[in-house]
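Descriptive analysis of the structure
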Amino acid sequence: MTTVHTIATQPIAGQKPGTSGLRKKTPVFMGPHYLENFVQSIFDVVGAAGKTFVLGGDGRYFNDRAAQVILRMAAANGAHRVIIGQGAILSTPAASHLIRLNKTDGGIIMSASHNPGGPKEDFGVKFNMSNGGPAPEGVTEAMYKRTTEITSYKIIESHDVDLSKIGRSQLGDMIVDVVDPVSDYAALMESLFDFPAIAAMFKSGFRMRMDSMCAVTGPYAVEILENRLGAAAGTVVNGTPLPDFGGMHPDPNPTWAKALMDEMFGQNAPDFGAASDGDGDRNMVVGAGAYVSPSDSLAVLAANAHLAPGYRAGLKGVARSMPTSAAADRVADALGIGKYETPTGWKFFGNLLDAGRATLCGEESFGTGSDHVREKDGLWAILLWLNILAVRKQSVAAILAEHWAKFGRNYYSRHDFEAIASEKADAMIAALRAGLSALPGRQVEGLTISAADDFAYTDPVDGSVSNNQGVRILFADGSRIVMRLSGTGTEGATLRLYLERYAAGPEGLDLDPQEALAPVIRAAHQLAAIEGFTGRVTPDVIT
Ligand code: VG1
Ligand code: CO
């Protein structure tokens, strides 16, 4: 008999999940009872007795230790079985797939995604439901409430489970299945895409650079791109997941994936470049000399998805987060399929995917996915691009140019102002909200404001309402400003300023986005008094 210990504890302030689970500095997570309190709160809300869960993470510092704690707590709470990736590794989309494939009751993913990892950096824990998708707001709110009341947690005493070997073992009364983190996911990709066509393209000399940024996608990318599709050895760079991501900031954007951008815009650039984030759910794609903005990527994928076997029957609908540009809407209209606008965060797509209303989903933050899992999926998006390139036999630049010629171009950029003192950012947003109703009709920087609101979303499937999801200022010419505060940071506040302007063409489709957006940028600074409130003029990151 294994003894279950019930450890007295008390609530810890601030264990509130954000856009994507609970994220804190690693030393905070490693502090007394911190991880345990949150994990017990998860089990108290979803129930553990007799259930099967998936467990894995992006391999960052503390991933291995946290996995052993979560296993002991799952056993103590009466779970029947845990399926865990070898070495406690699972990308977020692979975890979502395993949850669905094995018809489990959900899963715990250890990741702070794009936030840097290491003893002084960030750690995170998120719970996904039995559909494979992030817990919806109602559930994360219940977990948060539980963290404010918790008085004890359950854990068994045991040796560490050997997670280095694939196979079944027993932990107390619970079964632990250590599985290959890659094989089921790779098989899923092979079922969706035309691997022979992509392999033939590589064989004919097509060159690619995939930057896994020392995060979780390395083993997945090597197996799929190099082993199964025959891309040249060395196509995948930074392919070994490291506890501190090799000091990299695994956020696939032009700033943090600069080495890739330099290569793709340099002499002798490969045909195609891609990068993914810490937990493998996001992607950046780049052609030779051609950066693809995430909003455009979603639109191009939606317009061309039928070229891949898994989507040959067409799409049911396309969903995008509110700050994502309307480029995908134009494609949905042309295809005569449904279009949806949700708050930021993948959890809002789950119901649309489950109900069969949307097939593709995307966010401006380099997240794209489909109904094959219930998470955004970096390698999936990269493979869909490869499939499209293999069929169309055109460059990325040519595909983008044709897309804009047909649909017009939604110039788009996001400006991030990081580590602002929270009270300053809050004051700025509060002032903006207070003045919204007076904005319509006002002229600023030659633009006329047509509407202004704070985005509220009613889920079309279950009717749940989410308020205060971001301030929107819309202009008569179709331009748009959105502002919201990040829900994934761990230091002060990050202001995200989203900027959009539509050009119908045929002229003016090849401007630099920052130039095309210049009046909208100036209008945003003026309307929100960003400098006055925060002292900031220049963004830290521009995507
Ligand atoms: C950011 C992105 C959002 C994304 C979230 C989680 O959230 O803007 O689109 O869903 O990160 O992505 P926020 O609240 O910081 O703007 V991941 O890959 O970091 O889990
Ligand atoms: Co991520």
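Below: a short report on this structure.

Rules behind the numbers
Every chain is numbered independently, its residues counted from 1 as its sequence is written. Here every chain gets a letter starting at A, and every ligand a number starting at 1, in the order they are written. Thresholds applied to this predicted model are a pLDDT of at least 70 for local features of residues and 80 or more for the giving and counting of side-chain atom pairs; totals over whole chains, interfaces and linings are not thresholded and use all residues. The side-chain numbers reported here are obtained from all heavy atoms of the structure, hydrogens and water having been left aside. Note on pairing: two strands pair once DSSP finds at least 2 bridges between them. The numbering of helices and of strands both runs from the N terminus, where a helix is a DSSP run of H or I of at least 4 residues and a strand a run of E of at least 2. In this scheme, a residue with accessible area under 20% of its type's maximum is buried, one over 50% is exposed, and one in between is partly exposed, where area comes from a 1.4 Å probe on protein chains only. Listed donors are limited to N, O and S atoms within 2.8 Å of the metal, widened to 3.2 Å for Na, K and Ca; water is not among them, so incomplete-looking sites are possible. Here a residue is near a molecule or strand as soon as one of its heavy atoms is found within 4 Å of it. Two N or O atoms form a polar contact when they lie within 3.5 Å of each other; inside protein one atom must be a possible hydrogen donor and the other a possible acceptor, and for residues adjacent in sequence the pair counts only when both atoms belong to side chains. Put simply, Ala, Val, Leu, Ile, Met, Phe, Trp, Tyr, Cys and Pro go in the nonpolar bin, Asp, Glu, Lys and Arg in the charged bin, and everything else, Gly too, in the polar bin. Only buried residues count toward a nonpolar core. Its members are Ala, Val, Leu, Ile, Met, Phe, Trp, Tyr and Cys residues joined through side-chain atoms within 4.5 Å. Between two residues, a contact is recorded if the distance between any of their heavy atoms is within 4.5 Å. Arc, as used here, means the arc of the directions from the helix axis to the C-beta atoms. Axis geometry follows a simple rule: fit a line to the C-alpha atoms, using only the stretch in contact for helices, then measure angles between N-to-C directions, giving values from 0 to 180 degrees. Throughout, the term roughly parallel applies to angles under 35 degrees, roughly antiparallel to angles over 145, roughly perpendicular to angles from 65 to 115, and oblique to all others. Should a side-chain nitrogen of Lys or Arg be within 4 Å of a carboxyl oxygen of Asp or Glu, the pair is scored as a salt bridge. Note on aromatic pairs: the rings of Phe, Tyr and Trp (six-membered ring only in Trp) are paired at centre separations within 6.5 Å, and the planes decide the class, stacked below 30 degrees, edge-to-face beyond 60, tilted for the rest.

Further remarks concern the pairing of strand β21 (residues 447-454). The sheet contact formed by strand β20 (residues 443-444) and β21 spans 2 bridges and is antiparallel. Note on β21: the bridge partner recorded for Q443 is T448. Remark: 2 residues form the turn of the hairpin made by β20 and β21, two consecutive strands paired antiparallel; E445 in that turn has positive phi of roughly 50°. Pairing analysis gives 5 bridges linking β21 to strand β24 (residues 471-475), with the strands arranged antiparallel. Paired with A451 across the bridge in β24 is L474.

Attention now goes to unusual backbone geometry. Going from G505 to P506, the amide bond is cis rather than trans, its omega being 0°. Its place among the elements puts P506 in the loop between β26 (493-503) and α16 (513-516). Despite not being glycine, N238 shows a phi value in the positive range, around 50°. If you trace the backbone, N238 turns up in the loop between β11 (236-237) and α9 (258-265). According to the relative accessible area criterion, N238 is partly exposed, its value standing at 30%. The phi dihedral of K393 falls on the positive side, at around 55°, and the residue is not glycine. You can see K393 is positioned in the loop between α13 (378-392) and α14 (396-407).

Now for the coordination of the cobalt ion (ligand 2). Put simply, the ideal angle at a metal is 109.5 degrees for four donors in tetrahedral geometry and 90 or 180 degrees for six donors in octahedral geometry. The cobalt ion (ligand 2) binds to the protein through S113 (OG), D277 (OD), D279 (OD) and D281 (OD), with metal-donor distances spanning 1.9 to 2.1 Å. One chain supplies every donor for the cobalt ion (ligand 2), spaced along it as S-x163-D-x1-D-x1-D.

On to the site of ligand 1, then. Ligand 1 sits among 20 residues. The nearest are T19, H114, S365, S486 and T488. Between ligand 1 and R23 there is a distance of 2.9 Å, counted from an oxygen atom to a side-chain nitrogen or oxygen. One of the side-chain N or O atoms of D281 is found 2.8 Å from an oxygen atom in ligand 1. Across the shell around ligand 1, the residue classes break down as no nonpolar, 10 polar and 10 charged.

What follows deals with the nonpolar core. F193, W380, L386 and I481 are the most contacted members of the largest nonpolar core, which totals 104 residues. Of all the elements, α13 adds the most residues to this core, at 11 residues. Ignoring any residue separated from it by four or fewer positions in sequence, one finds W380 in contact with Y185, M189, L192, F193, L301, Y311, L360, T368, G369, S370 and H372. Ranked by size, the runner-up nonpolar core spans 43 residues in total, among them L35, V39, V69 and V178.

Attention now goes to helix α7 (residues 195-203). The set of residues buried in α7 consists of F195, I198, M201 and F202. Projected onto a plane normal to the axis of α7, the buried residues spread over an arc of 125° and lie on a single side. Among the exposed residues of α7, those oriented more than 90 degrees off its buried face are P196 and K203. Of the surrounding elements, those touching the buried residues of α7 are α6 (183-192), β10 (208-211), α8 (217-228) and α13. In this structure D194 caps α7, since a side-chain oxygen of it lies 3.1 Å from the backbone nitrogen of A197.

So, on to the side chain of D251. Among the structural elements, D251 can be located in the loop between β11 and α9. With relative accessibility at 9%, the residue D251 sits in the buried group. Apart from the residues lying within four places of it in its own chain, the contact partners of D251 are H114, M213, W256, A257 and R282.

Moving on: the environment of R330. By the element assignment, R330 lies in helix α11 (residues 327-335). Relative accessible area serves as the criterion here: at 27%, R330 is assigned to the partly exposed category. Residues R330 and F407, 77 residues apart in the sequence, show an inter-C-alpha distance of 6.6 Å. In this structure, R330 is in contact with F407, N410 and Y502, ignoring residues within four places of it in sequence.

Take the packing of α7 against α13 next. The description of two helices packed together rests on the angle between their axes and the distance between the axes. The contact between α7 and α13 brings their axes to 9 Å, and the two run at 70°. Taken together, the axes of α7 and α13 lie roughly perpendicular to each other. Of the residues in α13, those touching α7 at A197, I198, M201 and F202 are L383, L386, N387, L389 and A390. Across the contact of α7 with α13, the residue classes break down as 8 nonpolar, 1 polar and no charged.

The next subject is the pattern of salt bridges. Pairing between side chains of opposite charge can happen when their charged atoms approach one another. Scanning all chains against the criterion turns up 36 salt bridges. The closest approach of N and O atoms between K376 and D281, which form a salt bridge, is 3.4 Å. In this pair, K376 sits in the loop between β18 (367-370) and α13 while D281 sits in the loop between β12 (272-276) and β13 (283-287), placing the two residues 95 residues apart along the sequence. Across this residue pair, the class does not change: K376 and D281 are buried. In this structure, a network of salt bridges that share partners links the residues R320, D329, E341, D453, R472, R480 and E500.

Attention shifts here to the packing of aromatic side chains. Enumeration according to the criterion identifies 12 aromatic pairs in this entry. Ring plane angle 75° and centroid distance 6.2 Å describe the contact between F53 and F127, whose orientation is recorded as edge-to-face. Of this pair, F53 sits in strand β3 (residues 52-57) while F127 sits in strand β6 (residues 122-128), and the two are 74 residues apart along the sequence. The exposure classification of F53 matches that of F127, with both residues buried. Pairwise contacts between aromatic rings join F29, Y34, F62 and F123 into one cluster.

Time to look at the sheet that holds strand β15 (residues 317-321). Strands sit in the order β16-β15-β17-β18 across an open sheet of 4 strands; the sheet is mixed. Each having just a single partner strand, β16 (338-342) and β18 make up the two edges of the open sheet. Neighbour-to-neighbour, the strand axes of this sheet turn through a mean angle of 15°, independent of strand direction. Strand direction decides the pairing type here: β15 and β16, joined by 5 bridges, are parallel. Paired with A319 across the bridge in β16 is Y340. Its contacts with the sheet put helix α10 (residues 294-304) on β15, β17 (360-363) and β18, and the angle it makes with β17 is roughly 170°.

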